[in-house]
Number of protein chains: 2
Amino acid sequence: MPAAHEIEVVIVEDDGEIRRLLTLIIDGSPGFSCKRAFSECESAMESIEKDPPDVVLMDIGLPGISGIEGVRSLKDRVAGTDFIMLTIQEDDQSIFDSICAGATGYLLKDTPPADLLAAIKEVYEGGSPMTASIARRVVSSFKKNVENPLTKRENEILARLCDGENYRDIAGALFISGDTVRAHIKNIYRKLQVSSRAEAVKKALKDGLI
Amino acid sequence: MPAAHEIEVVIVEDDGEIRRLLTLIIDGSPGFSCKRAFSECESAMESIEKDPPDVVLMDIGLPGISGIEGVRSLKDRVAGTDFIMLTIQEDDQSIFDSICAGATGYLLKDTPPADLLAAIKEVYEGGSPMTASIARRVVSSFKKNVENPLTKRENEILARLCDGENYRDIAGALFISGDTVRAHIKNIYRKLQVSSRAEAVKKALKDGLI
DNA sequence: CCAAAATTACCGCATATGGGCAATTGAATT
DNA sequence: AATTCAATTGCCCATATGCGGTAATTTTGG
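Rules and cut-offs
- Residues numbered from 1 in each chain as written.
- Chains lettered and ligands numbered in written order.
- Predicted model: local features only at pLDDT ≥ 70, side-chain atom pairs only at ≥ 80, totals over all residues.
- Heavy atoms only, no water.
- Helix = DSSP H or I, 4+ residues; strand = E, 2+ residues; numbered from the N terminus.
- Rg over C-alpha atoms; globule rule 2.2 N^0.38 Å.
- Contact = heavy atoms within 4.5 Å.
- Areas by Shrake-Rupley, 256 points an atom, 1.4 Å probe, with all protein chains shown as cover.
- Near = heavy atom within 4 Å.
- Polar contact = N/O pair within 3.5 Å; in protein donor to acceptor, adjacent residues only side chain to side chain.
- Nonpolar A, V, L, I, M, F, W, Y, C, P; charged D, E, K, R; others polar.
- Phe/Tyr/Trp six-rings, centres within 6.5 Å; stacked < 30°, edge-to-face > 60°.
- Pairing = 2+ DSSP bridges.
- Axes fitted to C-alpha atoms, helices over the stretch in contact; angles between N-to-C directions.
- Parallel < 35°, antiparallel > 145°, perpendicular 65-115°, else oblique.
- Buried < 20%, exposed > 50% of the residue type's maximum accessible area, 1.4 Å probe, protein only.
- Buried area = accessible area lost by both parts, 1.4 Å probe.
- Salt bridge = Lys/Arg side-chain N within 4 Å of Asp/Glu carboxyl O.
- Right-handed = clockwise from strand over helix to strand, strands pointing away.

**Observations regarding the overall build of chain A**
- Across its full length, chain A carries ten helices and five strands.
- Its C-alpha atoms give chain A a radius of gyration of 24 Å, clearly above 17 Å, the size a compact globule of 210 residues would have.
- Along the first, second and third principal axes, the C-alpha set of chain A runs to 75 × 30 × 30 Å.
- Sequence-distant contacts, at least 24 apart, represent 61% of the contacts inside chain A between residues at least 6 apart.
- Working note: accessible area of chain A is about 10,200 Å², and carbon and sulfur atoms make up 52% of it.

**Remarks on the protein's contact with DNA strand C**
- In the vicinity of DNA strand C there are 21 residues, among which Thr151 of chain A together with Tyr167, Arg168, Arg182 and Lys186 of chain B approach most closely.
- A share of 57% is what sugar and phosphate atoms reach among the atoms of DNA strand C within 4 Å of the protein.
- Between His184 of chain A and DNA strand C, the recorded distance is 2.7 Å, taken from a side-chain N or O atom to a phosphate oxygen.
- One of the backbone N or O atoms of Arg197 of chain B is found 2.7 Å from a phosphate oxygen in DNA strand C.
- With seven residues, helix α9 (residues 178-192) of chain A is the single largest residue contributor to the surface near DNA strand C.
- Each residue belonging to the surface near DNA strand C can be placed in one class, and the counts come to four nonpolar, eight polar and nine charged.

**A few points about the packing of aromatic side chains**
- In total, this model carries three aromatic pairs over all chains according to the counting rule given.
- The interplanar angle of 50° and the centroid separation of 5.8 Å between the aromatic rings of Phe96 of chain A and Phe142 of chain B together place this pair among those described as tilted. Of this pair, Phe96 of chain A sits in helix α4 (residues 92-101) while Phe142 of chain B is found in the loop between α6 (132-140) and α7 (152-162), placing the two residues in two different chains.

**A word on the sheet that holds strand β4 (residues 82-87) of chain B**
Residue and element names in this part refer to chain B.
- Read from one edge of the open sheet, five strands run β2-β1-β3-β4-β5, paired in parallel fashion. Of all strands in the sheet, those with a lone pairing partner are β2 (32-38) and β5 (105-108), marking the two edges. Averaged over all neighbouring strand pairs, the angle between strand axes comes to 25°, with direction disregarded.

**Structural notes on the packing of α4 of chain A against helix α6 (residues 132-140) of chain A**
Residues and elements named next belong to chain A.
- Taken N-terminus to C-terminus, the directions of α4 and α6 make an angle of 70°; their axes are 11 Å apart at the nearest point. Viewed along their axes, α4 and α6 adopt a mutual orientation that is roughly perpendicular. Contacts from Asp92, Ile95, Phe96 and Ile99 in α4 reach Ile134, Arg137 and Val138 in α6.

**Looking at unusual backbone geometry**
Residue and element names in this part refer to chain A.
- Despite not being glycine, Phe175 has its phi angle at roughly 60°, a positive value.
- Of note, Phe175 is situated in the loop between α8 (167-174) and α9.
- Looking at Phe175, the relative accessible area reads 77%, which means it is exposed.
- With phi around 55°, Gln193 is a residue other than glycine that occupies positive phi space.
- Tracing the backbone through its elements, the reader meets Gln193 in the loop between α9 and α10 (197-206).

**Structural notes on the side chain of Thr81 of chain B**
- With respect to the element layout, Thr81 of chain B can be found in the loop between α3 (67-75) and β4.
- Look past the residues within four positions of Thr81 of chain B in its chain and what remains in contact with it is Pro52, Pro53, Asp54, Val55, Val56 and Lys75 of chain B.

**As for the interface of chain A and chain B**
- Between chain A and chain B, the residue contacts involve 38 residues of the former and 38 residues of the latter.
- Of the roughly 2,900 Å² buried at the junction of chain A and chain B (both faces included), carbon and sulfur atoms supply 65%.
- Counting the contacts that link chain A with chain B gives six salt bridges.
- A salt bridge links Asp82 of chain B to Arg136 of chain A; its shortest N-O distance comes to 3.3 Å.
- Broken down by secondary-structure element, the contributors of at least two residues to the side of chain A that touches chain B are α4, α5 (113-124), α6, α7 (152-162) and α10 of chain A.
- Considering every element that reaches the side of chain A that touches chain B, the biggest residue donor is α10 of chain A, with seven residues.

**Concerning the pairing of strand β5 (residues 105-108) of chain A**
All names here are of chain A.
- Where burial is concerned, the two faces of β5 agree: the one with Gly105 and Leu107 and the one with Tyr106 and Leu108 are both buried.
- In the sheet, strand β4 (residues 82-87) pairs with β5 via four bridges, with the strands oriented parallel. What sits directly across from Leu86, in β5, is Leu107.
- Between the parallel elements β4 and β5, the chain passes through α4 in a crossover that is right-handed.

**Here we look at the sheet that holds strand β3 (residues 55-59) of chain A**
Residues and elements named next belong to chain A.
- Pairing in this open sheet of five strands is parallel, and the strands run β2-β1-β3-β4-β5 from one edge to the other. Edge strands, defined here as strands with exactly one partner in the open sheet, are β2 (32-38) and β5. Averaged over all neighbouring strand pairs, the angle between strand axes comes to 25°, with direction disregarded.
- Strand direction decides the pairing type here: strand β1 (residues 7-12) and β3, joined by four bridges, are parallel. When the sheet's bridge partners are listed, Val12 is paired in β3 with Met58.
- Against the sheet, helix α1 (residues 16-27) engages β1, β2, β3 and β4, with an angle of about 160° to β2.

**Section: the protein's contact with DNA strand D**
- Taken together, 21 residues lie around DNA strand D, and Tyr167, Arg168 and Arg182 of chain A together with Thr151 and Ser177 of chain B are the ones closest in.
- Take Lys186 of chain A: an N or O atom from its side chain is 2.9 Å from a base oxygen of DNA strand D.
- Separating a phosphate oxygen of DNA strand D from a side-chain N or O atom of Thr151 of chain B is a distance of 3.3 Å.
- Residue assignment for the surface near DNA strand D shows that the elements contributing at least two residues are α8 and α9 of chain A together with α9 (178-192) of chain B.
- The biggest single contributor to the surface near DNA strand D is α9 of chain B, with eight residues.

Put into structure tokens, the structure is as follows:
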């Protein structure tokens, strides 16, 4: 009965059938161990915090505290534990909410047993298993898809606007008059279709203009 | 000589040896075709834009225009083409610059031929192949690791600050006086360690406070 | 080469903003 | 029960900001 090198897994899944099945697959495979399985988040969270496993398979659609909320509050307290979300179908919002909450992997419930075990092993070894289409969505979300309508000078000023510099300081740094800075900023606002510094900063950051 | 279902690949790689090797591997494999290989970005970009292939293997460390720059300017013009970056070693900055530029995959140059072909096939089918550790880094970058120091009221006001609402409108929406709004904002600034709306917006967006 | 856009600059004005000071309430801790 | 601290509310003032208008010079693109 080896224990040292087994990957300890905890399952949180409300469907009793699926929970039993997952437990059997994992606990029955060499190198893996699953002695704890929960049907809801509350008791699972208590147990996980008390005795952190290596990996948690977390259902997204749980009654009560959702799996995403569970990950959010647990992730900071059990830093060494990785979370793999389980879901029926891919849903953009759930995916991003999950990874923002701290989930490391994202799998569909109908993932074949062999792939499931491979995914658990992969997170344990520092990877982030996910389906091909989810990976693409995650990567695509980084892409700056708005082409920058501003000139070089305007971008320079926008960057300083975002840092909270006032007109006078910007003027001093760029060796132009404060009024010229204002003129540029008017043009920036017009091109970004905003009418205040706050909105400009928001747009600049969201669209990756700086 | 089948053409319809072959994945057409273009290689941009300055090392002649590696370029030849990659070309041989790809063009010699059924289902893949590589008739164009370049040693630098300039001519590659011209050719790729004129006749867009399915996939481009792009070296990151190119003389002249870098591979990242190449992807950045090409990606918007040849929407149907996917880019896989090739690199000697994993480097956080290069990885994120690449995916922000529009690269879909990210592989090490010592990737075995079989894995290379699998990766090309994967991007062609809508995935985003990358090494396990890169996937982890990409996913980790989403994690909100700053816990929110603001009260409910302050968060509500911060959200409106980010939308560029002025004090009076915020006051009206929350049924409090403008002066109270200002007081809250002062506390928000103190907690976020900023001293202007622009900086607060930037911090809120960067740290995922809203 | 010419037209359009970018960059520079100035004026005036109404309002928004940030900083300092202070009081009350409510929750938490001692 | 006493006390402390955070949250909420409020006011005054100097300055920053946004907006409207005008205009000269330089750069860019067709």
